[in-house]
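Breakdown of the fold
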Amino acid sequence: MISPGKNIQPWLHSGRFDLPFILLPGFVALAITLCLPAEYKLTDRSSLAGWVILVIFIDVAHVYSTLFRTYWDKGRMAKHRTLYIAVPVACYIAGVLLYSADALFFWRILAYLAVFHFVRQQYGFMRLYARHEQKEGLAAKIDAVTIYAATLYPLIYWHFTPQRNFTWFVEGDFILSNSAVVKQIALAIYLLIIATYVLKEIVVATTQKKINIPKNILIAVTLVSWYFGIVWYNGDMAFTLLNVVAHGIPYMALVWLMRRKEVNSITSNSKRTFRHTLVFFVLSILLFAYLEEGLWDGLVWREHQQVFTAFTWLPTMRTKEALALLVPLLSLPQSTHYVLDGFIWKKEKAV
């Protein structure tokens, strides 16, 4: 744990690690988005290579990084065995019941669960970078309101601007309406919150002679990636790029950082094996991500057979009964990840 001090920044590891892997991926994604052809920023057109990199190797892969903090961690598995078994069982049963009742309702619940997970991750990172500051009081409340506004205003805009060229999971998963008044009110509140935060930071900098650099970068990148990905641009590729990169890469980086610290504290250099290496961490989550998406494509979607040629022999499930059992099973890594993530960072201090 870093000791708080006037000139010490509350990095989770160091500026050399936090900046490229946790704080700046969203800005990098925006820079790439700015260079994309117009159709990728304004239409539903997407790139196959971009889909493979963003969806499989970042979005789906980050789900499997949770394994290293749950099922593949012997200590946590022994301590929380009941929770780790009960959550996927409950998620699967709930998924089957929801899909059996209404397939779209299943995807809607999963989409809003994912949104909640994405929003809470930004709040969690903000709290980590503000861990040396007072947790109560006006300043802390302004921080919390700002990070939530950074995510919720774009979501409100999306919900009241149905003409978007992207979806979260499937067409119709969000409950959409159309109201210019709601958007105008939301925008006014959004701008007021940002102005209040900036004013608060100026007061802190002038009175306390310090600036929390990583926390401010985290809030700035959240504002930028969510606003440009959902509000400014109206393209599937732009949304996916800004949404996935700013979320998935920092999550994987945090899991790896925590794993490395824990392994270093209990394992000597002579006892470390291949499973303790970064190579194993990356290759394993990429392999699981590819296998999962291959099963999705072979059994359900049939949209990217050129990427999943090894899965083309699988039968495509068509009946509602078969899909009601299969779809919740294939989405179980995601739903389990969303639910468990609410526990694994709360039960123990991450830093």
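Up top is the structure these notes are about.
What this report covers is the structure whose coordinates are included nearby. None of these values were measured; they are calculated from a predicted model.

With that out of the way, let us pick up the packing of aromatic side chains. Taken as a whole and assessed by the stated rule, the structure comprises 35 aromatic pairs. A centroid spacing of 5.5 Å and a plane angle of 70° characterise the contact between Tyr99 and Phe106, whose relative ring orientation is edge-to-face. As far as burial versus exposure is concerned, Tyr99 and Phe106 are alike and both buried. Between Trp158 and Trp168 the ring centres are 6.3 Å apart and the planes differ by 25°, which places this aromatic pair in the stacked class. In this pair, Trp158 is assigned in helix H8 (residues 138-159) and Trp168 in the loop between H8 and helix H9 (180-208), connecting sequence segments 10 residues apart. Neither residue differs from the other here; Trp158 and Trp168 are each classed as buried. Following the ring pairs from residue to residue traces out a cluster consisting of Tyr64, Phe68, Trp72, Trp256, Phe280, Phe281 and Phe288. Over the ring of Tyr157 we find Lys183; its NZ or CZ atom is 5.1 Å from the centre of that ring.

Looking now at the pattern of salt bridges. Applying the stated criterion across every chain, the model contains 9 salt bridges. Glu39 is the salt-bridge partner of Arg45, the closest N and O atoms lying 2.9 Å from each other. The class of Glu39 is partly exposed, set by a relative accessible area of 27%. Two residues, Arg69 and Glu262, come together in a salt bridge whose shortest N-O distance is 3.3 Å. One end of the pair, Arg69, is in the loop between helix H4 (48-64) and helix H5 (74-79); the other, Glu262, is in helix H11 (residues 236-266), and 193 residues separate them in sequence. We classify Arg69 as buried; its relative accessible area is 2%. Assessed through its relative accessible area of 24%, Glu262 is described here as partly exposed. Three or more residues joined by partner-sharing salt bridges are found here, namely Glu133, Asp143, Lys200, Glu201 and Lys215.

Rules used throughout
- Here the residue numbering is sequential within each chain, running from 1 through the sequence in written order.
- It should be noted that, the model being predicted, local features are given only for residues of pLDDT at least 70 and side-chain atom pairs only at 80 or more, the latter also being counted only at that level, while totals for whole chains, interfaces and linings use all residues.
- Here the side-chain values reflect all heavy atoms present in the structure, with hydrogen atoms and water set aside.
- Put simply, two rings from Phe, Tyr or Trp (the six-membered ring, in Trp's case) pair if the centres are within 6.5 Å, and we call them stacked under 30 degrees between planes, edge-to-face over 60, tilted for the rest.
- The buried label goes to any residue with under 20% of its type's maximum accessible area, the exposed label to any with over 50%, and the partly exposed label to all in between, with areas taken from a 1.4 Å probe on protein chains only.
- Think of it this way: any DSSP run of H or I at least four residues long counts as a helix, any run of E at least two long counts as a strand, and we number them from the N terminus.
- Throughout this description, the term charge over a ring refers to an Arg CZ or Lys NZ atom that lies within 6 Å of the ring centre and within 35 degrees of the ring normal.
- The rule for a salt bridge is simple: a side-chain nitrogen of Lys or Arg has to be within 4 Å of a carboxyl oxygen of Asp or Glu.

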